[in-house]
Amino acid sequence: MSVELVEVVRSGFRECVHRGSLVVVAPDGTPSIEVGEVHTPIYPRSSNKPMQAVALLRAGFAPRSTEELAIASASHEGETAHVDLVERLLGHTGLEERRLLCPPDLPGNEQARAEVLAAGAPRRPVYMNCSGKHAAMLAACVANDWPLDSYLDPGHPLQQVVIETIADLTGEPETELGIDGCGLPIVPVSLTNLARAFGRLVTADPGTPERSVADAIRAHPYLISGTGRDDARLMPAVPGLLCKAGADGVHAGALPDGTAFAFKIDDGHERARLPLTAALLHRLGVSWSEDHAALASQPVLGGGTRVGTVRAVPGVF
């Protein structure tokens, strides 16, 4: 059964709570904290992207820079730097945007979206937050002479490599696939095995696909998320931290020694993610400045003034 993980306090009154499940594993993969249903498979959503990027490297994707590898792992906000990088990746592969099979969208970043709307421009696949991953998948298909029009199909050779890689990294037998928001197959994984996979990424030998993905994400937290997003705020605050958010309240990450975590918020609310992760990192002994510690207490506003907090439930772990 899931438990209360995050609470919202307004004017001293406990206004609401977010329930969920959370696990921390030691560097050897042994669970050290288990809260809620940590062995039941969930859809990790975009928290699967680092593992998918490992699969792309194994399949022959050859990024020209760590930036290209980061955007292949990204849930970007459609800001100019993100869009330019995806377009360059497509250009290097000799492909046009029409080859992207992710749905057309507007940028997630408020300013970037306003600029597109003000210009009267249409939705585009390249603005979609998963377009970097899709562009990298197309690059892997080109490298192997695999079909481009069916790369979303679970039976496509590329998706078979992805499925096999996730099973390898998580140690979890394949279960029934779902379809993610971008149209790609999504592999369900338990929180425990998701955390173990992240631990394996950061402790892998330098130069391996696993370590290359971890290093690229940590080197470019803005590229894998965007202005003000949780991962872009957390990784610079904690040297060596690898983390990747997923839709509907998922977050997974690992410290440099391989200590790793994963959680899922039942109601999928994003506001629970940042304070919970920050409080958990503090519980794991991470030391940081007073400004960074404030990430564990996100403001609740009343009339434009802070009147409360969103925070981890005291004593939950």
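Per an unreviewed UniProt entry, the protein is named Asparaginase, and its organism is Rhodococcus parequi.

The buried fraction of helix α9 (residues 230–237) amounts to 6 of the 8 residues, a majority that puts the element mostly inside the structure. Of the residues making up α9, those classed as buried are Asp230, Asp231, Ala232, Leu234, Met235 and Ala237.

This next bit is on the pattern of salt bridges. Once their charged atoms are close, side chains differing in charge can pair, the charge on each being opposite to the other. For the structure on display, the rule yields 18 salt bridges. A salt bridge links Glu96 to Arg98; its shortest N-O distance comes to 3.0 Å. Comparing Glu96 with Arg98 shows no difference in burial state: the two are exposed. Among the charged side chains, a salt-bridge network with shared partners connects Glu4, Glu7, Arg14 and Arg311.

Another point: helix α6 (residues 157–170). For α6, built from 14 residues, the straight-helix expectation of 20 Å at 1.5 Å per residue is met to within 8% by its first-to-last C-alpha distance of 20 Å. Those residues of α6 that fall on the buried side of the exposure criterion are Leu158, Gln159, Val161, Val162, Ile163, Thr165, Ile166, Leu169 and Thr170. Check the buried side of α6 and you find it contacts α1 (49–58), α5 (131–144), β6 (185–186), β7 (189–190), α7 (191–203) and α8 (209–219). One or two positions beyond α6, positive phi appears at Gly171, with a value near 70°.

A separate point is the pairing of strand β3 (residues 31–35). Two elements, strand β2 (residues 13–25) and β3, share 4 bridges in a ladder whose sense is antiparallel. Within β3, the position partnered with Val23 by the bridge is Glu34. Counting the residues in the hairpin turn of β2 and β3 gives 5 residues, including Gly29, whose phi is positive at 90°.

With their axes 9 Å apart at the nearest point, α1 and α8 run at an angle of 130° to one another. Classified by the angle between their axes, α1 and α8 sit oblique to one another. Relative to α8, α1 is oriented so that their crossing is right-handed. Residues Pro50, Ala53, Val54, Leu57 and Arg58 of α1 pack against Pro209, Glu210, Ser212, Val213 and Ile217 of α8. Considering only residue class, the contact of α1 with α8 consists of 7 nonpolar, 1 polar and 2 charged.

Counted by the stated rule, this structure contains 1 aromatic pair. Ring centres 6.4 Å apart and planes at 20° place the aromatic pair Phe261 and Phe263 in the stacked group. The exposure classification of Phe261 matches that of Phe263, with both residues buried.

Let us look at the environment of Val213. Within the secondary structure, Val213 sits in helix α8. As a C-alpha pair, Val213 and Leu117 span 96 residues in sequence and 34 Å in three-dimensional space. If we skip the residues at most four places from it in the chain, Val213 touches Pro50, Ala53, Val54, Leu57, Leu69 and Ser73.

Moving on, we get to unusual backbone geometry. Note: most peptide bonds trans; most residues except glycine with negative phi. In the Ramachandran plot, Ser11 falls in the positive-phi region, its phi being about 55° despite a non-glycine side chain. Within the secondary structure, Ser11 is located in the loop between β1 (3–10) and β2. The backbone phi angle of Asp145 is positive, close to 60°, even though this residue is not glycine. Relative to the helices and strands, Asp145 is located in the loop between α5 and α6.

Moving on to the environment of Gly249. Note that Gly249 resides in the loop between β8 (242–246) and β9 (250–254). Taking C-alpha positions, Gly249 is 7.4 Å from Ala272, a pair spaced 23 residues apart along the chain. Setting aside chain neighbours within four positions, we find Gly249 in contact with Phe263, Lys264, Ile265, Gly268 and Arg273.

In this section: the state of the cysteines. For the coordinates displayed, the defined rule picks out 0 disulfides. You can see Cys182 has no disulfide; the closest cysteine sulfur is in Cys130, sitting 4.0 Å from it.

Across the 5 residues of β8, 5 count as buried, placing the element largely inside the fold. Burial along β8 is two-sided: Leu242, Lys244 and Gly246 and Cys243 and Ala245, pointing in opposite directions, are all buried. Here β8 pairs with β9 via 5 bridges, running antiparallel. Bridge pairing in β9 places Lys244 opposite Ala252.

A few words now on the nonpolar core. Within the largest apolar cluster, 102 residues are counted, with the highest numbers of intra-cluster contacts made by Leu22, Phe61 and Leu241. For Phe61, the residues in contact, after removing those within four places along its chain, are Leu56, Glu68, Leu69, Ala72, Leu89, Ala136, Ala139 and Ala140.

Each value, and the rule that gives it
- Residues numbered from 1 in each chain as written.
- Predicted model: local features only at pLDDT ≥ 70, side-chain atom pairs only at ≥ 80, totals over all residues.
- Heavy atoms only, no water.
- Buried < 20%, exposed > 50% of the residue type's maximum accessible area, 1.4 Å probe, protein only.
- Helix = DSSP H or I, 4+ residues; strand = E, 2+ residues; numbered from the N terminus.
- Salt bridge = Lys/Arg side-chain N within 4 Å of Asp/Glu carboxyl O.
- Expected span 1.5 Å × (residues − 1).
- Contact = heavy atoms within 4.5 Å.
- Pairing = 2+ DSSP bridges.
- Axes fitted to C-alpha atoms, helices over the stretch in contact; angles between N-to-C directions.
- Parallel < 35°, antiparallel > 145°, perpendicular 65-115°, else oblique.
- Left-handed = near helix turned anticlockwise from the far one by under 90°.
- Nonpolar A, V, L, I, M, F, W, Y, C, P; charged D, E, K, R; others polar.
- Phe/Tyr/Trp six-rings, centres within 6.5 Å; stacked < 30°, edge-to-face > 60°.
- Disulfide = S-S within 2.5 Å.
- Core = buried A, V, L, I, M, F, W, Y, C linked by side-chain atoms within 4.5 Å.

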